[in-house]
Amino acid sequence: LMASHNIRTYAPDMRGLGGTERDEPGWTTPTRCVKDVQCVMEWLEKEHGVRKPLMVGWSQGGVVAHLYGQSHGSKLSGLVLYASIYDPAPSEVVEHPDEPPVVENTWEGAMEDWTIPGIIDDAAAE
């Protein structure tokens, strides 16, 4: 839909999600994702001339977009947080074990984890 209005969209994966592999140490943290977003933003400007885009963060991406906007807000024309999972006052800090668990998932399981029926159509989810 946006492309039909001459709007370019980019949707990078977080490490270990989508088509992106995990790397050492295997944990995907918001801080690490913000650094990855910074690299993507530099690449977009260099390779495609994209300057000051509007950033949209959805769910876990909302946390990353929020943190990116706090530290690099001057590089954005706007910021939209949609269904962000951010809790501005977490009650406790969670420590991770040294090795992240690797769990096999199915398409149905992934869709159940990330979508609410009726909120997004099947074509968009795929």
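The structure this text deals with has already been given above.
What counts and how
- Residues numbered from 1 in each chain as written.
- Predicted model: local features only at pLDDT ≥ 70, side-chain atom pairs only at ≥ 80, totals over all residues.
- Heavy atoms only, no water.
- Core = buried A, V, L, I, M, F, W, Y, C linked by side-chain atoms within 4.5 Å.
- Buried < 20%, exposed > 50% of the residue type's maximum accessible area, 1.4 Å probe, protein only.
- Helix = DSSP H or I, 4+ residues; strand = E, 2+ residues; numbered from the N terminus.
- Patch = residues over 30% accessible without salt bridge, like charges linked within 9 Å, V, L, I, M, F, W, Y side chains within 5 Å.
- Areas by Shrake-Rupley, 256 points an atom, 1.4 Å probe, with all protein chains shown as cover.
- Salt bridge = Lys/Arg side-chain N within 4 Å of Asp/Glu carboxyl O.
- Axes fitted to C-alpha atoms, helices over the stretch in contact; angles between N-to-C directions.
- Parallel < 35°, antiparallel > 145°, perpendicular 65-115°, else oblique.
- Left-handed = near helix turned anticlockwise from the far one by under 90°.
- Contact = heavy atoms within 4.5 Å.
- Nonpolar A, V, L, I, M, F, W, Y, C, P; charged D, E, K, R; others polar.

*Asks:* Help me understand the nonpolar core, please; the structure alone is not making it clear to me.
*Replies:* Across soluble globular proteins, nonpolar side chains have a tendency to be buried as a group. Counting residues in hydrophobic clusters, the biggest one holds nine residues: Cys33, Val34, Val37, Met41, Met55, Val64, Ala65, Tyr68 and Leu76. With four residues, helix α1 (residues 30-48) is the single largest residue contributor to this core.

*Asks:* Would you explain a nonpolar patch on the surface in this entry?
*Replies:* The grouping of Leu54, Val56, Trp58, Val80 and Tyr82 at the surface amounts to a nonpolar patch, some 500 Å² of accessible area in total. Put simply, the parts of the chain that give the nonpolar patch at least two residues each are β1 (54-58) and β2 (78-82). With respect to the helices and strands, Val80 occurs in strand β2. By relative accessible area, which is 36% here, Val80 ends up partly exposed.

*Asks:* Before we go on, may I ask you to explain the packing of α1 against helix α2 (residues 60-72) in this structure?
*Replies:* Helix-helix packing: each pair is described by the crossing angle between the helix axes and the interaxial distance. Between α1 and α2, the shortest axis-to-axis distance is 9 Å and the interhelical angle comes to 65 degrees. On the basis of their axis angle, the class for α1 and α2 is roughly perpendicular. Here the hand of the crossing between α1 and α2 comes out right-handed. Contact residues: Pro30, Cys33, Val34, Val37, Gln38 and Met41 in α1; Val63, Val64, Leu67, Tyr68, Ser71 and His72 in α2. Here the residues of the contact of α1 with α2 are counted per class, giving nine nonpolar, three polar and no charged.

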